[in-house]
4 protein chains.
Amino acid sequence: MANSEYEYVRRFEPADALPLSNWIVVRIDGRGFSKLTRKYDFKKPNDDRGLSLMNAAALEVCRSIVDIVIAYGQSDEYSFVLHESTSLFDRRAAKLATTIATAFTAEYCMQWSTHFPDQPLTRPYPTFDGRCVCYPKRKLLRDYLSWRQADAHINNLYNTTFWNLVLGGMSLIDAEQKLKGTLSADKNEILFKQFGINYNNEPEIYRKGTVIYRSYEACEQPILIEDMPQSKTQLEKERKRKQKATIVVEHRDIISASFWDEHSYILGTAKCATIDDE
Amino acid sequence: MANSEYEYVRRFEPADALPLSNWIVVRIDGRGFSKLTRKYDFKKPNDDRGLSLMNAAALEVCRSIVDIVIAYGQSDEYSFVLHESTSLFDRRAAKLATTIATAFTAEYCMQWSTHFPDQPLTRPYPTFDGRCVCYPKRKLLRDYLSWRQADAHINNLYNTTFWNLVLGGMSLIDAEQKLKGTLSADKNEILFKQFGINYNNEPEIYRKGTVIYRSYEACEQPILIEDMPQSKTQLEKERKRKQKATIVVEHRDIISASFWDEHSYILGTAKCATIDDE
Amino acid sequence: MANSEYEYVRRFEPADALPLSNWIVVRIDGRGFSKLTRKYDFKKPNDDRGLSLMNAAALEVCRSIVDIVIAYGQSDEYSFVLHESTSLFDRRAAKLATTIATAFTAEYCMQWSTHFPDQPLTRPYPTFDGRCVCYPKRKLLRDYLSWRQADAHINNLYNTTFWNLVLGGMSLIDAEQKLKGTLSADKNEILFKQFGINYNNEPEIYRKGTVIYRSYEACEQPILIEDMPQSKTQLEKERKRKQKATIVVEHRDIISASFWDEHSYILGTAKCATIDDE
Amino acid sequence: MANSEYEYVRRFEPADALPLSNWIVVRIDGRGFSKLTRKYDFKKPNDDRGLSLMNAAALEVCRSIVDIVIAYGQSDEYSFVLHESTSLFDRRAAKLATTIATAFTAEYCMQWSTHFPDQPLTRPYPTFDGRCVCYPKRKLLRDYLSWRQADAHINNLYNTTFWNLVLGGMSLIDAEQKLKGTLSADKNEILFKQFGINYNNEPEIYRKGTVIYRSYEACEQPILIEDMPQSKTQLEKERKRKQKATIVVEHRDIISASFWDEHSYILGTAKCATIDDE
């Protein structure tokens, strides 16, 4: 089709491909969610409806984008990990971040009424910002995920203690003051002594957050992407396998090695001797 | 709150602030919309419900983000222009693109049933990718907008002719073949001679696309952002004025100078002698 | 010629083209020059040999790279300005910075013995780091140059006073202490009252730094680059004109408008109505 | 010291820190060296004076910048490798590229007369452009170095054959024509049959290029940088050890594993289990 004299302005569009051989994390964060949680009376410190909606939205995002190898969520944030060898959208940062963030937002809005049947969603509608972060080594990616899970733990222990104090009659300011400078052990003790709560018995979804990934029977574990070169037919076949795979939603420790040892195919650790093992 | 040993991974997050003194365009594009328009039987070449939904979504985005000085949309795309002096989100590219793209997506999904009352929205839900493009001069920004409007014209003339041929009984392939290599004049003639259509009488929303901006009475035109320095009080006052301003949705020529002469405050041409006039 | 299996690593080379329609400043700075000036006994506060060597090196850089429209130097730094429309090295940042920095370094080293005939240059040899900075508006570029010239003035007034105090017998620490918190007027007064020096009579090369540009007779002023489109023949002709033009080395005020009014062709202000005038 | 009103222009300087945990290669290339080699009658296909000057310059660059763990050169190019954990100049790309490129240029110019005693260096002086490339894995870095050495081999085999044909009386065009489409085996055969040259007996400096690195006795091998955390005292001690270490200049195979097995400390493969081993 004909082009106009103005088309030269395209040349201002920047090249924003992320560097090759880097794990790509797209993390999305709820925008203005403290306001939103007040508006819809989210239960403190954790609202099961809100968490289940986040996880349901993330599940659909993982289902539709097979290049996502694992996702981890807590509070109003979710991190989606793309394999270091992905060529999705030619690794263009803006395309990756906006595609995942809008897919998540659409699911969150459309599934709202299922999780909050009594509270119609009104404007301003929930939205999520997003960004890409590159991790050049598998170890760094795992530390990234550990960071988010450690953060979930730290925040949840604080919030659980804080809201028990408040629900027990303490003012917000007094509760904040009481917790200032306390260590984990102190909060555990407050919970146990004052409220009879053993923090370790709190639901794992609160303490650990949520991890989502494709699960395979041992006999059908995925052909590792690194086993280059792959033909288009192989890639398409692999893609279909992923689309059919069971997606698992779990609340468990991803900091320690056991999760990764059990699911070594997720980050392709088994046979990928060519590029990233040193 | 305490930090974990893993927090060092934050240092991998890139600085992505866009350069100062550049107009920022965030353009969003519908993902997989040819499939979506088939699924919901969009009328060809233009579907009024689809266009009105796009415009309604864009209107809300403009209403909620007062830093947007003008927006232009056509087909399944919309361009939102942020003033060259904006400090929204510290000009961070990922935050700007994802915030606007998710706000648009949320509105599009939530307003769907108003515009398509008979067709419930089902998965995969509509999503939009987005990107930031910087234009260092006002003239270049205007050329960008002219490019999109010229593109709307070129596509609509083609599509109008194409679909009239098809609705008139020609096969898709034959219609494509017939239009190959034709000029505007040829298409105008086909429309007029074969279908009695004077293209210039086609609705302006099809031929020109849609422009959205804040409208002010002459007496209350905005204080130009460039009149630096501004105090926080002034900025807040200006922000409130913008929130109260009438937002106009029009279908008209933005290539020729007249639109810009009439609304010189939109790109702040009137008094901004300090930085960008040369 | 044949390629090896390893050639894929080229894909890791980043695209680093600077954005179009931006003035490009390549500023180079002497590395470790306080040590170097002590090693070769540079005269304080200004060493004429050192300044003339800097200027001689910059002159040759300007002569060999005709895309440089103006250069400004002071102390151990030089800023080279490339026209906003330059396509030199496809505007690649690393190529521009290293080419100019190495050309300057080569000249500085090779011309050393002319300016310091009694002091052979020994290792570590003088080197210069460099960087590209983009300025999207002519006004901003002028402010950049004003910044460097204002900096030259501020530093030279301080250094002149400081070293007169020291040469007058004051210790380095006492001189520093005496000048702490003083204004320009204070320093001017110290110079005048204690040393009979009228700062405004100090040599302009010390007070203003050095500006280098091509000079033309009125009748042969350059065809403005913005008068697009230009054929290859025209560009080549223009290039040859530049190579033949007289290059001027001056010590004068480039902050006020008069310099730019007199030499409007330098930044192409005269007729460039197409892109950057707003 | 006081600042001027113009200082705001500093905010246009971009942040250009290279991503953490990536090997950084700074490759420099001679600018216009085909002209330069003709001007100074470089011997074809290899000029020993030119090669020894390149290597002498690179040696001094390695000596002065202890963060360089290995360098590889061939023809008019040199690649300097900075350890993936380097914090030199806060990993700023422009600073790294210009510092290494100007240091190399200064050495090349200043040592010229030693290597070309009969040919005074005249303007235009030799210069080198440079760029930074990041490699996120050790394996990729080794492939980069293999790429350059394979390139040296391919070019040298071609050039050796080409220039023997020319020196044997063939025209440049005929020689080029004769070699078009030939494989390595063909060129080896031409050399052997027509000129009695066994390519494998050619000097290694021509066939393999040059590798430069610090050599240690087994008992004094460097403390690996990855053994974090290191105190400032340790880093300073390590730095001094490097400054005292013998620097080796060799012409040998760095594609096969044996070089790296023998010198595992160069890329810190021995104990760096913390970050990059997976």
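Chain A goes by tRNA(His) guanylyltransferase in an unreviewed UniProt entry, where it is assigned to Peltaster fructicola. For the record of chain A, the UniProt heading Catalytic activity (unreviewed entry) holds the text "a 5'-end ribonucleotide-tRNA(His) + GTP + ATP + H2O = a 5'-end phospho-guanosine-ribonucleotide-tRNA(His) + AMP + 2 diphosphate + H(+)". Check the Sequence similarities (unreviewed entry) section of the UniProt entry for chain A; it says "Belongs to the tRNA(His) guanylyltransferase family."

> Tell me about the environment of Ser184 of chain C, and please be specific about residues and values.
Turning to its location among the elements, Ser184 of chain C is positioned in helix H6 (residues 184-195). Separated by 27 residues in the primary sequence, Ser184 of chain C and Leu157 of chain C have C-alpha atoms spaced 7.5 Å apart.

> Kindly report on the sheet that holds strand S2 (residues 68-74) of chain B, identifying the contributing residues and their values.
Residue and element names in this part refer to chain B. The strand order across the open sheet built from six strands is S4-S1-S3-S2-S5-S6, with neighbouring strands paired in antiparallel fashion. Where the open sheet ends on each side, the last strands, each with one partner, are strand S4 (128-135) and strand S6 (246-250). Across this sheet, the average inter-strand angle for adjacent strands is 20°, counted without regard to direction. Where S2 meets strand S3 (residues 77-82), six bridges bridge the pair, whose relative direction is antiparallel. Residue pairing for S3: Gly73 is matched across the bridge by Tyr78. Strand contacts of helix H4 (residues 138-167): strand S1 (23-30), S2, S3 and S4, with the helix running at about 20° to S2, the strand carrying the most contacts.

> Tell me about the interface of chain D and chain C, and name the residues and values.
If you look at the interface, chain D gives 55 residues, while chain C gives 55 residues. With both chains or domains summed, chain D and chain C bury close to 4500 Å², and 69% of this area falls on carbon and sulfur atoms. Taken as a group, Tyr6, Met110 and Trp147 of chain D account for 15% of the area that chain D buries against chain C, more than any other trio of residues on that side. Residue Glu60 of chain D pairs with Arg123 of chain C through a salt bridge whose shortest N-O separation is 3.7 Å. Summed over the shared surface of chain D and chain C, the result is 14 residue pairs in polar contact (both at pLDDT 80 or more). Mapped onto the side of chain D that touches chain C, the elements with two or more residues apiece are helix H3 (93-115), strand S4 (128-135) and helix H4 (138-167) of chain D. For the side of chain D that touches chain C, the leading source of residues is H3 of chain D, giving 14 residues. Partitioned by chemical class, the residues of the side of chain D that touches chain C number 31 nonpolar, 11 polar and 13 charged.

> Quick one: what's the story with the UniProt feature "binding site: Mg(2+) 2" (unreviewed entry) in chain A, residue by residue and with numbers?
Residues and elements named next belong to chain A. Within this structure's numbering, the places UniProt gives as "binding site: Mg(2+) 2" (unreviewed entry) are Asp29 and Asp76. The greatest C-alpha distance among the residues just named is 5.9 Å, despite their covering 48 residues of sequence, which places them together in space. Those residues within four positions of Asp29 in sequence are excluded, and the remaining contacts are Asp76, Glu77, Thr127, Phe128, Asp129 and Arg131. A distance of 3.4 Å separates a polar atom in the side chain of Asp29 from a polar atom in the side chain of Arg27. Take Asp76: it is sitting in the loop between strand S2 (68-74) and strand S3 (77-82). Those residues in contact with Asp76 that lie beyond four places of it in its chain are Ile28, Asp29, Gly30, Phe33, Met54 and Phe128.

> Break down the packing of helix H4 (residues 138-167) of chain A against helix H5 (residues 172-179) of chain A for me, with residues and values.
All names here are of chain A. Where H4 contacts H5, the axes come no closer than 9 Å and their chain directions differ by 135°. Classed by the angle they form, the pair H4 and H5 counts as oblique. When the axes of H4 and H5 are compared, the crossing they make is right-handed. Between H4 and H5, the contacting residues are Tyr158, Thr161, Phe162, Trp163, Leu165 and Val166 on the first element and Leu172, Ala175, Glu176, Lys178 and Leu179 on the second. By residue class, the composition of the contact of H4 with H5 is eight nonpolar, one polar and two charged.

> Got a sec to walk through the relation of the copies chain D and chain C? Specific residues and values, please.
When chain D is brought onto chain C, the operation consists of a screw motion whose angular component is 180° and whose axial shift is 0.0 Å, with 0.0 Å RMSD remaining. Taken together, the rotation and translation describe the operation of a two-fold axis. Of the interface residues in chain D, 100% have counterparts in chain C that sit at the interface too, so the contact is made through matching surfaces.

> Account for the sheet that holds S2 of chain A, with residues named and values stated.
Each strand in a sheet pairs with another by means of backbone hydrogen bonds, the pair being arranged parallel or else antiparallel. Residue and element names in this part refer to chain A. The strand order S4-S1-S3-S2-S5-S6 describes an open sheet built from six strands, whose pairing is antiparallel. On the outer flanks of this sheet lie strand S4 (128-135) and strand S6 (246-250), each paired with one strand and no other. Geometrically, the sheet is characterised by an average inter-axis angle of 20° between neighbouring strands, direction not taken into account. One ladder, built from four bridges, connects S2 with strand S5 (residues 210-215); its direction is antiparallel. When the bridges of S5 are listed, Ala71 appears paired with Ile212. This element, H4, spans strand S1 (23-30), S2, S3 and S4 of the sheet and lies at about 20° to S2.

> Account for the pairing of S3 of chain B, naming residues and giving values.
All names here are of chain B. Across the six residues of S3, six count as buried, placing the element largely inside the fold. Judged by which residues are buried, S3 turns out to be covered on both faces: Glu77, Ser79 and Val81 on one side and Tyr78, Phe80 and Leu82 on the other are all buried. When S1 meets S3, the two strands line up antiparallel, connected through six bridges. Bridge pairing in S3 places Val25 opposite Val81. Adjacent in sequence and paired antiparallel, S2 and S3 are bridged by two residues, among which Ser75 carries a positive phi angle near 50°.

> If you had to explain unusual backbone geometry to someone new, which residues and values would you point to?
When glycine is set aside, most residues are seen to have a negative phi, and most peptide bonds are trans. Between Lys44 of chain C and the following residue, Pro45 of chain C, the backbone shows a cis peptide bond with an omega angle of 0°. With respect to the helices and strands, Pro45 of chain C occurs in the loop between helix H1 (33-39) and helix H2 (48-64). The omega torsion across Arg123 of chain D and Pro124 of chain D is 0°, close enough to zero to call that bond cis. Here Pro124 of chain D lies in the loop between H3 and S4. The backbone of Ser75 of chain A sits at a positive phi, close to 50°, despite the residue not being glycine.

Cut-offs and rules
- Residues numbered from 1 in each chain as written.
- Chains lettered and ligands numbered in written order.
- Predicted model: local features only at pLDDT ≥ 70, side-chain atom pairs only at ≥ 80, totals over all residues.
- Heavy atoms only, no water.
- UniProt positions renumbered as here; feature names shortened; annotations may be inferred.
- Helix = DSSP H or I, 4+ residues; strand = E, 2+ residues; numbered from the N terminus.
- Pairing = 2+ DSSP bridges.
- Axes fitted to C-alpha atoms, helices over the stretch in contact; angles between N-to-C directions.
- Contact = heavy atoms within 4.5 Å.
- Buried area = accessible area lost by both parts, 1.4 Å probe.
- Salt bridge = Lys/Arg side-chain N within 4 Å of Asp/Glu carboxyl O.
- Polar contact = N/O pair within 3.5 Å; in protein donor to acceptor, adjacent residues only side chain to side chain.
- Nonpolar A, V, L, I, M, F, W, Y, C, P; charged D, E, K, R; others polar.
- Parallel < 35°, antiparallel > 145°, perpendicular 65-115°, else oblique.
- Left-handed = near helix turned anticlockwise from the far one by under 90°.
- Least-squares fit on C-alpha atoms with pLDDT ≥ 70 in both.
- Buried < 20%, exposed > 50% of the residue type's maximum accessible area, 1.4 Å probe, protein only.

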